[in-house]
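# Summary of the model geometry
Residues per chain are reported as follows:
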Amino acid sequence: MTNKEIAERKFRRASDDASSAKLAVSTPQTGSAAYTLAFQDNDFLLREDLRPVRFQLELLKPELLMDEARIESTFVFYGSARIPHPDHAQALIDAAQSNAARKVAGRLAAKAKYCEEARQLARIASQFPVTDDGCRNFVVCSGGGPSIMEAANMGAHEVGAESIGLNIVLPHEQAPNRYVTPELSFQFHYFALRKMHFLLRARALAVFPGGFGTFDEFFETITLIQTGKMKPIPVLLFGQEFWNRVVDFEALAEEGTISPEDLNLFHFVETAKDAWEIVEAFYEDESFPRCE
């Protein structure tokens, strides 16, 4: 018998006491917030002093649920929430109210093709064989939102595979896209913990054209790899024209702020097929571990 089994046999479960606590006789004492069980007291859990505990909870909840789902590794998708689906690209242009707005809409519409590439790459990754013990690798993981993220979750859904969505609470109303597996749809308060979960299981990373959020996540990843804080993984930049226009990587090397070798930390690709070939080559001689 394990220590856990002994403990469960000797002591009442927290859930049992939580249920019993709700049946307490009503008195001035039981009606006070001080009497509420600590783990049932939301006002207590939301105190500034409890931030370290909330960090731990936000780390633990997705970790435990993904362990239970037998997810060994993920294929992470980053990209803009503003790129239209190909079917909606022309409508975006038509809705523009000025020449400047039409120009921007046209640029976004030109990137609509990447929704299809994200969908196709997700379909390929999601069909990676499950191990004999039910362990799953290259499970699609997105930020849970629209556009590129939705396309990735859609691709997994189309081949009958589960996929992950890591949403975050924002001031404006938003919800996970409909293709995220409900049991793997997570919501975060802390950006830091969300970003950690993006990378804890990541075996590959597809980065599509995007804005501040995409840049933040992409540059943090290659910084972790550059500094040796994270093992190298395939980092795939979709849309070389876009990336070379908005970031002069060569200039960084020429200025000496990065090493020329750092330009090998990522690969430019245009299609899902090209991206998957790089992933296959990267892991050609590596076996995938069984779930613990």
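Heads up: these notes are all about the structure in this document. Computed from a predicted structure; not experimentally measured.

In terms of burial, helix α8 (residues 148-158) is a largely internal element, eight of the eleven residues being buried. Buried positions along α8 lie against β1 (74-78), α7 (113-126), β2 (139-142) and β3 (164-168). Where α8 terminates, the next one or two residues include G160, which has phi positive at roughly 75 degrees.

What follows is about a negative patch on the surface. Together, D248, E250, E254 and E255 give the surface a local cluster of negative charge. Turning to its location among the elements, E254 is positioned in helix α12 (residues 249-254). Assessed through its relative accessible area of 66%, E254 is described here as exposed.

Let us now look at the side chain of T74. When you line up the elements, T74 lands in strand β1. Of the residues examined, T74 reaches a relative accessible area of 2% and is grouped as buried. A polar contact of 3.4 Å, which involves the side chain of T74, links it to the backbone nitrogen of A202. Once you skip the residues sitting within four places of it in the chain, T74 turns out to touch F138, V139, C141, I164, F198, R201, A202, R203 and A204.

Moving on: the environment of H189. Here H189 lies in the loop between β4 (185-188) and α9 (191-200). On the basis of relative accessible area, H189 is assigned to the exposed category, the value being 53%. C-alpha of H189 to C-alpha of T30: the two residues are 159 residues apart in sequence and 31 Å apart in space. For H189, the contacting residues outside a window of four places in its chain are E58 and I168.

A few words now on the pairing of strand β5 (residues 202-207). A regular strand places its side chains so that they alternate between the two faces of the sheet. Across the six residues that make up β5, a large majority, six, are buried. Sheet topology note: the β1/β5 ladder contains five bridges and is parallel. The residue of β5 that forms the bridge with F77 is A206. For β5 and strand β6 (residues 235-238), the ladder comprises three bridges, and the chain directions are parallel. By the bridge assignment, V207 is partnered in β6 with L237. For the crossover that starts at β5, traverses helix α10 (residues 212-226) and ends in the parallel β6, the hand is right-handed.

Each pair of aromatic rings is reported with the distance of its centres and the angle of its planes. All told, the structure shown has 23 aromatic pairs when counted by the stated rule. Judged by centre distance (5.1 Å) and plane angle (85 degrees), the ring pair of Y78 and F198 falls under edge-to-face. Note that Y78 is positioned in strand β1 and F198 in helix α9, a separation of 120 residues in sequence. In terms of burial, Y78 and F198 fall into one category: buried. An aromatic cluster is present here, built from F75, F77, Y114, F128, F138, F208, F238, W276, F282 and Y283 joined pairwise through their rings.

Conventions adopted
Residues numbered from 1 in each chain as written. Predicted model: local features only at pLDDT ≥ 70, side-chain atom pairs only at ≥ 80, totals over all residues. Heavy atoms only, no water. Buried < 20%, exposed > 50% of the residue type's maximum accessible area, 1.4 Å probe, protein only. Helix = DSSP H or I, 4+ residues; strand = E, 2+ residues; numbered from the N terminus. Contact = heavy atoms within 4.5 Å. Patch = residues over 30% accessible without salt bridge, like charges linked within 9 Å, V, L, I, M, F, W, Y side chains within 5 Å. Areas by Shrake-Rupley, 256 points an atom, 1.4 Å probe, with all protein chains shown as cover. Salt bridge = Lys/Arg side-chain N within 4 Å of Asp/Glu carboxyl O. Lys, Arg positive; Asp, Glu negative; His and termini not counted. Charge placed at Lys NZ, Arg CZ, Asp CG, Glu CD. Polar contact = N/O pair within 3.5 Å; in protein donor to acceptor, adjacent residues only side chain to side chain. Pairing = 2+ DSSP bridges. Right-handed = clockwise from strand over helix to strand, strands pointing away. Phe/Tyr/Trp six-rings, centres within 6.5 Å; stacked < 30°, edge-to-face > 60°.

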